[in-house]
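# Topology and contacts: notes
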Amino acid sequence: VPRRGYRWVSPVVPTTEPVSLPASSPPPIEPVQETRLSRRTVITALVFLLGITAFTGYWRLHALRDGTVPKIRLAVLPLENMTGDPAQDYICDGLTEEMITSLGRLQPNRLAVIARTSVMQYKKTARTVRDIGKELGVDYVLEGSIRGQGASVRVTVQLIQVRDESHLWADTYDRDLRNLIGVQAEVARNVAGQVRLTLDSRHAAQIESPLDARAHDEYLLGRYQWNKRTEEGYEKAITHFERAIAIDPAYAAAYAGLADSYILLGGAVHSQSQTIPKAAAAARKALEIDPLQPEAHASLGLIAMNYDWDWVASEREYRRALEINPNYATAHHWYAEYLNMHGRFDEAVLEIGRAQELDPLSLIIATDRGKIWFYARRYPEALQQLRRVLAEDPSYREAHIYLIETFLAVGKFEEALADMNQFPAWARETWALDCRAFALGRLGRRSEARNLIAELEQAALKDGRWTYGGLAYIGVGDSDKALSSYEYAVGSREISSTSLRVHPLLDPLRGSTRFQALIKKVGL
């Protein structure tokens, strides 16, 4: 019996009559002399049945814990802005994200909710529910809209079963535009009833916690800007999160958003030493207010990994985030990165796979799957995965970076140069100069490589940071300067330091005691 165990189905009928068999049958078994079951037989049967029952119960509990029992899969499509005012898009996007978060915390062992990155790609789409459901691999879709004028709006949501596009449930919420708090919690409870789930009391209290309407509005604006993933977006997000905190100093989610903004701003624009201490303080404050903030735990895990190099604390925080919310795709993604940096590639592939299940259309998660194969030196799989990403978005920069590095690792230097030449806008970026100089050096075009190195050195003097250049020096065979470059990166706590143990292009330096000292300093 699927997901239960075994059932005895053959008839057992005591009889004293002889059994009549066809002539072609084997010789009959001797008739049973005693028709009554012995006490020992009954006890043995009972013990056997109890054992089967106990084993089945244990198996079902274990299966629920490790996720082998199939989950109900749900996608919350972006709420449609029908107010006639494009300035209200942030409210639609914010409520969509909050409903995803609320539903994801209902019963994460039974309900998998697709992450924001994937569902936002269906904003203003003409695709059918069946097509979207098939692409995302979900059983149910929640869709809705916001419409109205002035300060009054109407939020309409409906739950649709994908297989036959039947409408299972719909509801309408009339709210003041300045006070949409609570809508996502109501929707979460109603959807839970429709898909026959029950709210965990711990999470119910968290969902229904009272918030100031003005602070909530600033929070929605902050997430709207943060999700743009640009320097300007991070700066604006920080402003909105700080305003939310000024209005409501106990707003844990706003502190978590502030931490996320500082983390990504540091990785993309500024030195980590300028932003990470602020991010850590914000994440700890979020957990001081609400210890069950998975986003804050994941943020601390990333800080411990990329800046503190406290690998024990990093794994602990990632695991805690996933314990609180197994549906948090970002925590699965970042934990896969952690495993990758330790060379635990098989585990990393499994973890990035879980992230992809929850966020199947995320290009960065799909790209980092290719990066794991690259670091594992499984180059055919890396090339296949990265090309798959670029088939979806031919100009996706992160995928090109690792495609180029994979070409360099397998000696396809001309292919690496050709890929870089497709995008002149990247030509002067330091990572591109670094890879180009490596390729030219290995092709024997050393004078061209040296010219690029001089350009990199000038950029380092101007910026006061030496974040690239190590590969360029390796390409021309200058190990001493390559090691100096990575010593600077480690001393400045650059993110690139975390990949020293596994990066294939650094293999020429591995025999050096200076390089081994760097790996030890990073804690790997």
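Description of the structure in this document. This is a predicted model, so every value here is computed, not measured.

### Description of the nonpolar core
Core analysis: the biggest nonpolar cluster contains 149 residues, and Leu136, Leu142, Leu408 and Leu500 have the highest contact counts within it. Excluding its chain neighbours within four sequence positions, the residues that come into contact with Leu408 are Phe413, Ala416, Cys435, Phe438, Ala439 and Leu505.

### A few points about the pairing of strand E5 (residues 152-161)
Successive residues of a regular strand alternate their side chains across the two faces of the sheet. The pairing of E5 with strand E6 (residues 166-176) spans 10 bridges and is antiparallel. Note that in E6 the partner of Val153 across the bridge is Arg175. Counting the residues that bridge the hairpin from E5 to E6 gives 4 residues, and of these Glu165 lies at a positive phi of roughly 55°.

### Comments concerning the side chain of Ser145
For Ser145, the location among the structural elements is in strand E4 (residues 140-149). Residue class for Ser145 comes out buried when judged on its relative accessible area of 9%. With residues up to four places along the chain from it excluded, the contact list for Ser145 reads Leu79, Glu80, Met82, Arg154, Val155 and Thr156.

### Points about unusual backbone geometry
Of note in the backbone geometry, Trp309 takes a positive phi value of approximately 55° without being a glycine. We classify Trp309 as buried; its relative accessible area is 8%. The backbone of Arg377 sits at a positive phi, close to 65°, despite the residue not being glycine. Checked against the element boundaries, Arg377 lands in the loop between helix H15 (363-375) and helix H16 (379-392).

### Topic: empty space enclosed by the protein
Per the stated rule, a full pass over the model turns up 2 cavities of 30 Å³ or more. Empty space within the second largest cavity amounts to approximately 30 Å³. Considering the residues around the second largest cavity, the lining is formed by Tyr90, Asp93, Gly94, Glu97, Arg116, Leu220, Arg223, Tyr224 and Asn227. Secondary structure elements with two or more residues in the lining of the second largest cavity: helix H2 (89-104) and helix H7 (213-226). The class makeup of the residues in the lining of the second largest cavity is 3 nonpolar, 2 polar and 4 charged.

### Things to note about helix H4 (residues 129-136)
Every buried residue of H4 is accounted for by Val129, Ile132, Gly133 and Leu136. The arc enclosing the buried residues of H4, seen along the axis, measures out at 100°, which places them on a common side. Positive backbone phi, approximately 70°, marks Gly137, located one or two places after H4.

### Structural notes on the environment of Tyr328
Along the chain, Tyr328 falls in the loop between helix H12 (311-324) and helix H13 (329-341). Sequence-wise, Tyr328 and Arg105 are 223 residues apart; in three dimensions their C-alpha atoms are separated by 9.1 Å. Apart from residues lying up to four places away in sequence, Tyr328 is in contact with Pro294, Glu295, Ala298, Leu322 and Leu358.

### Thoughts on the packing of aromatic side chains
Inspection of the entire model under this criterion finds 11 aromatic pairs. Aromatic side chains Phe374 and Tyr379 sit 6.3 Å apart centroid to centroid with 50° between the ring planes, which places their arrangement in the tilted category. Each member of the pair Phe374 and Tyr379 is classed as buried. Relative to Trp431, the ring of Trp426 lies with its centre 6.0 Å away and its plane at 55°, an arrangement referred to as tilted.

### Things to note about the packing of helix H18 (residues 413-421) against helix H19 (residues 430-442)
At a minimum axis distance of 9 Å, the contact between H18 and H19 shows a crossing angle of 150°. By the criterion of interaxial angle, the relationship of H18 to H19 is roughly antiparallel. Between H18 and H19 the crossing geometry is left-handed. Of H19, the residues touching H18 (which contributes Phe413, Leu417, Met420 and Asn421) are Ala432, Cys435, Arg436, Phe438, Ala439, Leu440 and Arg442. Class assignment of the residues belonging to the contact of H18 with H19 gives a composition of 8 nonpolar, 1 polar and 2 charged.

### Details of the environment of Val522
Mapped onto the fold, Val522 is located in helix H23 (residues 513-522). A sequence separation of 216 residues divides Val522 from Asn306, and the C-alpha atoms of the two residues are 9.6 Å apart. The contacts of Val522, once residues within four sequence positions are left out, are Trp309, Trp311, Val490, Ser497, Thr498 and Leu500.

### What to know about the packing of H13 against H15
Interhelical geometry of H13 versus H15 gives an angle of 10° and a closest axis separation of 10 Å. By the angle between their directions, the pair H13 and H15 is classed as roughly parallel. Mapping the contact onto sequence places His333, Ala336, Glu337, Asn340 and Met341 in H13 and Ile364, Ile365, Asp368, Lys371, Ile372 and Tyr375 in H15.

### Some words on H18
All buried positions along H18 are accounted for by Phe413, Ala416, Leu417, Asp419 and Met420. Looking down the long axis of H18, one finds its buried residues gathered within 160° of arc, a one-sided arrangement.

### Some details on the pattern of salt bridges
Overall, the coordinates contain 24 salt bridges when judged by the stated rule. Residue Arg130 pairs with Glu165 through a salt bridge whose shortest N-O separation is 3.7 Å. Of this pair, Arg130 sits in helix H4 while Glu165 sits in the loop between E5 and E6, placing them 35 residues apart in sequence. Residue classification places Arg130 among the partly exposed residues on the basis of a relative accessible area of 41%. Look at Glu165 and you get partly exposed, because its relative accessible area is 32%. Salt-bridge contacts for Glu315 lead to Arg344; the nearest nitrogen and oxygen are separated by 3.5 Å. On the criterion of sequence distance, the pair formed by Glu315 in helix H12 and Arg344 in the loop between H13 and helix H14 (345-358) is long-range, its members being 29 residues apart. Residue class for Glu315 comes out buried when judged on its relative accessible area of 16%. According to the relative accessible area criterion, Arg344 is partly exposed, its value standing at 25%.

Rules and cut-offs
Residues numbered from 1 in each chain as written. Predicted model: local features only at pLDDT ≥ 70, side-chain atom pairs only at ≥ 80, totals over all residues. Heavy atoms only, no water. Core = buried A, V, L, I, M, F, W, Y, C linked by side-chain atoms within 4.5 Å. Buried < 20%, exposed > 50% of the residue type's maximum accessible area, 1.4 Å probe, protein only. Contact = heavy atoms within 4.5 Å. Pairing = 2+ DSSP bridges. Helix = DSSP H or I, 4+ residues; strand = E, 2+ residues; numbered from the N terminus. 1 Å grid on protein atoms, 1.4 Å probe; cavity = no way out; pocket = protein on both sides within 12 Å on 5 of 7 lines; lining within 4 Å. Points joined across faces, edges and corners; volume = space filled by probe spheres on them. Nonpolar A, V, L, I, M, F, W, Y, C, P; charged D, E, K, R; others polar. Arc of directions from axis to C-beta. Phe/Tyr/Trp six-rings, centres within 6.5 Å; stacked < 30°, edge-to-face > 60°. Axes fitted to C-alpha atoms, helices over the stretch in contact; angles between N-to-C directions. Parallel < 35°, antiparallel > 145°, perpendicular 65-115°, else oblique. Left-handed = near helix turned anticlockwise from the far one by under 90°. Salt bridge = Lys/Arg side-chain N within 4 Å of Asp/Glu carboxyl O.

Spatial relationships are all this shows, so hold off on functional conclusions.
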